Amino acid sequence: MAAAGAAEGFPRSARIRKRADFLRVQQRGKKLSSGPLVALVLPTAGPTARLGLTVSSKVGNAVVRARVKRLLREVFRRRRLACPPVELVVIARPAAGAATAAELTAAFSSLLSTLQRASR
RNA sequence: GGAGUGGCCCGGGUGAACGCUGGCUUCAGGCUGGUACAGCCUGGGGCGGGAGGAAAGUCCGAGCUCCACAGGGCAGGGUGCUGGUUAACGACCAGUCGGCGCGAGUCGCAGGAAAGUGCCACAGAAAAGAAACCGCCCCGGUUCGCCGGGGUAAGGGUGAAACGGUGCGGUAAGAGCGCACCGCGUCCAGGGUGACUUGGACGGCACGGCAAACCCCACCUGGAGCAAGAGCCAAUAGGGAGGCUGUCCGCCCCGCGAGGGACGGACCGGGGUUGCCCGCCCCGAUGCCUCCGGGUCGCUCGCUGAGGAGGCCCCCGGGCAACCGGGGCCCUAGAGGAAUGUUCGCCGCGCGGCAGGACGCUCUGCCGCGAACAGAACUCGGCUUACAGGGCCACUCCGGCG
RNA sequence: CGGGGCGUAGCGCAGCCUGGUAGCGCACCUGCCUUGGGCGCAGGGGGUCGGAGGUUCAAAUCCUCUCGCCCCGA
């Protein structure tokens, strides 16, 4: 176990995939925001953090939405094991469609940093 | 060389690191059944696969799936020159006719206006089956200003459009009144599968426009859509399925009777016949009997390894072509809160600047910037729309040189 | 996947079905009224009718294609 590649992996178990899970986090989670992003955080009993993304059609067409999700997933993949075990739902506001990759990365990174500080 | 027309193609390449996804294989752990072993789940390793020309819009057509369907009529919807291609189409090809263009070409919802109804604003006398405002001509009257009656439709004027056009003859003035040509209609002959076309004869003109107005005619048309649909099935709740039973009348049977049962008809209410009607079919408040299954979340299948109405700037044959037949080669991803990504190099492409060779076309080097439109969601055939940059082919017109 | 609606002046809407003049309210400008402002009265300006093509003598209106926005159902 614990192969070298697992440090930056992003397996299916680290994703929120059920509508019920999304609704639970959105109703009971704590709300944070940074720029074009809104995050809802709920502590979990699982071993690691899990991420779910919500990017509606207000953000842009399919290409723009996919780009936003891939960028956010990439940031989360790099820092996943450094995060406390929470369930995290990130909602992209319409401004996220027009944001550059650097802006989105910075916004999500600051969100993750405040999360890590709060858990200590 | 310049201007243009039509069509086709490409849609960056390569390497490394870290990731994602589904297939095959292998290892470890667990569960079920268990003799070997098989199946499933979780995690790791290896191998090879992983967006488009439009995947988009969802404007048409089909496959596939489920539902409905005795039959008849009416409605609704769609298409609309002809012939063909196709699984099918509103698509495509070829042609006909008409518009535009010198031309290559291009555009066209392009049936019927003597089946009927309706509309044609303003202007104009008159907007559809006739009429006569200014006129022109004749006759009568006259106070010489003109008035009355009749003929006419050439000219003026209005309008988008005025009941064939031009010319000659003719006439009181005129008029298809007569003639020639053109247009129109009918008939005949030739060509063509056909739309249509060519020629001739006859007719003296009848049929203004609008059907992307209602409509008529011809042909086509059941509804929904992979969240279709099929299977397994937790918690919770306790229901779900099947059969009988409505009211009245007639008649028959059983019974002493109350009553019960069978048949036929009518009626009431509800439902089905996925628009309506006829017709047809089913059901009945309460209650009784029999059976144990129905279904939500979730999961699996449908779903893409085997079939594809699949591609080929491959070949052969048929056809003007769309396309068809045969052979060869090749391709084919399968997610499910939804993968195909991120970072860093090198090469290639375009634009701009600088320097050098060079009259110029252009070549070399360096630097900077840029690289679009857009993401599979059951699968195909079309159409439409978006798109940085690049390449190829055929043809037309104009100019120059030989 | 399927269905519906909207786009007309700076804003909110009529007009479209049944073709011929684009209009209403608020806002804007000018004048009157008032010491001044508001209110009120009178007058005025302003619209490629989302875009392209077509039918027609004539199109906001009819037809076709297209762009954008909003809503609904499974």
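Residues numbered from 1 in each chain as written. Chains lettered and ligands numbered in written order. Predicted model: local features only at pLDDT ≥ 70, side-chain atom pairs only at ≥ 80, totals over all residues. Heavy atoms only, no water.

K.L.:
Go over the confidence of the model for chain A with me, naming the residues and quoting the values.
P.N.:
On average, chain A scores 81 in pLDDT, and the residues at 70 or more come to 93%. Of the regions scoring below 50 in pLDDT, residues 1-6 engages in 2 contacts with residues more than four places distant in sequence or in other chains. Across the interfaces of the predicted complex, the ipTM metric reaches 0.81, alongside a pTM of 0.77. (pLDDT = per-residue confidence, 0-100. Contact = heavy atoms within 4.5 Å.)

K.L.:
Describe helix α3 (residues 101-119), naming the residues involved and giving the relevant values.
P.N.:
The first and last C-alpha atoms of α3 sit 27 Å apart over 19 residues, in line with the 27 Å expected at 1.5 Å per residue. Every buried residue belonging to α3 is among Leu104, Ala107, Phe108, Ser109, Leu111, Leu112, Leu115 and Gln116, and all of these are buried. On its buried face, α3 is in contact with β1 (30-34), β2 (37-43), β3 (50-54), α2 (62-79) and β4 (86-92). (Helix = DSSP H or I, 4+ residues; strand = E, 2+ residues; numbered from the N terminus. Expected span 1.5 Å × (residues − 1). Buried < 20%, exposed > 50% of the residue type's maximum accessible area, 1.4 Å probe, protein only.)

K.L.:
Explain the packing of aromatic side chains residue by residue, including any values.
P.N.:
One pass over the structure, following the stated rule, counts 1 aromatic pair. Measuring from centroid to centroid gives 5.6 Å for phenylalanine 10 and phenylalanine 76, while their planes differ by 65 degrees, and the two rings are edge-to-face. Linking phenylalanine 10 in the segment before α1 (19-28) with phenylalanine 76 in helix α2, this pair joins segments that are 66 residues apart in sequence. With a relative accessible area of 17%, phenylalanine 10 lands in the buried category. Taking NZ or CZ as reference, arginine 15 lies 5.6 Å from the ring centre of phenylalanine 10, over its face. (Phe/Tyr/Trp six-rings, centres within 6.5 Å; stacked < 30°, edge-to-face > 60°. Lys NZ or Arg CZ within 6 Å of the ring centre and 35° of its normal.)

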